[in-house]
Amino acid sequence: MTLFNYKALLIAALIFIPIEHLFALRPGQKIFRKAFFNDLIYALFNSVPTTVGLIAIVALATSTVGELVPDYVGHAVSSQPVWLQLTEIIVIADFGFYGAHRAFHAVPFLWRFHAIHHSIEELDWLAAHRIHPVDLALTKGASFVPLYLLGFSSSAIALFAIIFHAHGLLLHANIKLNIGPFRWLVASPQFHHWHHAHERAAYDKNFAGQLAFIDVLFGTMHLPGDTVPERYGVDDPIPPTYVEQLAYPLLPKSKINEAPATRDA
Ligand SMILES: [Zn+2]
Ligand SMILES: [Zn+2]
């Protein structure tokens, strides 16, 4: 992890901890809640295996299908103003994210990786980091590979990476935030908290990372009024520590003592 990451984590803590205190969705939830230290391990170290995986995916894609994109496309794309590139990037990347995220829910082998993220029982900004590196590298790959193939400028992609990360922390934060009718357009904490709901009606809904309207488009939106879920989590027998969680998806089913499948239907 680079110094930049530690600084970014410190800045995020300084922003989100006071906001969560002032505008708490669940005022009784403690900063040092259950699994706090495990999620801190994710925040500090998980970017290392994830970045290695993501670089490999981007390198593989650009060296293979990258040849199919003519040079003039990249030139036209990167010569647009950064704000226009950023707007296009957010739309293109989130369609990629939506598809990958939906696959992680639909394919049982992929779900075993993604179940780690859904094992969060107390949502806050720090819990957002609890994502298996295979899950994170592949979903980020689905977001970022099209951007590199189409030739967006590195400054526009870097700006997007910062916005995407900050938005991800906000979506998981223990914050009551009403964005009115924009909630049908942009992903809000309420939108993503429903994605984490341990309630059958909310399973496999709200897949988008940033643009809620993609779920409206594909009929997977679940946003009942101003309500929020009563509880979060899964029935899958997810172990409590980082190393065990890294190994969990790869262990033979007989070693895991599988609970009754609840999310495959
Ligand atoms: Zn999910
Ligand atoms: Zn989440």
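It should be noted that the structure appears before, not after, this text.
Since the structure is predicted, the reported quantities are computational estimates derived from the model, not experimental observations. (Residues numbered from 1 in each chain as written. Chains lettered and ligands numbered in written order. Predicted model: local features only at pLDDT ≥ 70, side-chain atom pairs only at ≥ 80, totals over all residues. Heavy atoms only, no water.)

## A word on helix α7 (residues 133-150)
Next up, step 1: Its 18 residues place the ends of α7 25 Å apart at the C-alpha level, agreeing with the 26 Å of an ideal helix rising 1.5 Å per residue.
Next up, step 2: By the largest-angle criterion, Ala142 marks the main kink of α7, which is about 35°, and a proline, Pro146, follows within four residues.
Next up, step 3: Listed in full, the buried residues belonging to α7 are Pro133, Asp135, Leu136, Ala137, Thr139, Gly141, Ser143, Phe144, Val145 and Leu147.
Next up, step 4: Structurally, α7 contributes buried residues whose contacts are with α3 (47-63), α5 (82-106), α6 (108-118), α8 (154-172) and α11 (242-247).
Next up, step 5: One or two residues past the end of α7 sits Gly151, with phi positive at roughly 90°. (Helix = DSSP H or I, 4+ residues; strand = E, 2+ residues; numbered from the N terminus. Expected span 1.5 Å × (residues − 1). Bend = angle between axes of the 7 residues up to and from the residue. Buried < 20%, exposed > 50% of the residue type's maximum accessible area, 1.4 Å probe, protein only. Contact = heavy atoms within 4.5 Å.)

## Section: the packing of aromatic side chains
For any two aromatic rings, the description comes down to two numbers: the centre-to-centre distance and the angle of the planes.
Next up, step 1: What the rule picks out here adds up to 12 aromatic pairs.
Next up, step 2: An angle of 25° between the planes, with centres 5.0 Å apart, marks the rings of Tyr98 and Phe218 as stacked. Linking Tyr98 in helix α5 with Phe218 in helix α10 (residues 213-218), this pair joins segments that are 120 residues apart in sequence.
Next up, step 3: Classification of Tyr98 by relative accessible area gives buried; the value is 4%.
Next up, step 4: For Phe218, a relative accessible area of 44% gives the class partly exposed.
Next up, step 5: Taking the centre distance of 5.4 Å and the plane angle of 85° together, the rings of Phe109 and Phe113 count as edge-to-face. A residue pair is termed a helical-turn pair when its members lie 3 or 4 positions apart in one helix, as Phe109 and Phe113 do in helix α6 at 4 residues.
Next up, step 6: Judged by relative accessible area, which is 46%, Phe109 ranks as partly exposed.
Next up, step 7: Classification of Phe113 by relative accessible area gives buried; the value is 4%.
Next up, step 8: An aromatic cluster is defined as three or more aromatic residues linked by ring pairs; in this entry it consists of Phe95, Tyr98, Phe207 and Phe218.
Next up, step 9: In this structure, Arg112 packs its charged tip against the face of Tyr248, placed 5.9 Å from the ring centre. (Phe/Tyr/Trp six-rings, centres within 6.5 Å; stacked < 30°, edge-to-face > 60°. Lys NZ or Arg CZ within 6 Å of the ring centre and 35° of its normal.)

## What about the coordination of the zinc ion (ligand 2)?
Next up, step 1: Summarising the metal site, the zinc ion (ligand 2) is bound by the protein donors His117 (NE2), His172 (NE2), His192 (NE2) and His196 (NE2), whose distances to it range over 2.0 to 2.1 Å.
Next up, step 2: Geometry at the zinc ion (ligand 2) is irregular, judged from its 4 donor atoms and the angles of 94 to 156° they form at the metal.
Next up, step 3: The class for His117 is buried, based on a relative accessible area of 5%.
Next up, step 4: A relative accessible area of 6% means that His192 is categorised as buried. (Donors = N, O, S within 2.8 Å, 3.2 Å for Na, K, Ca; no water. Tetrahedral: all angles 85-135°; square planar, octahedral: opposite > 155°, others 65-115°.)

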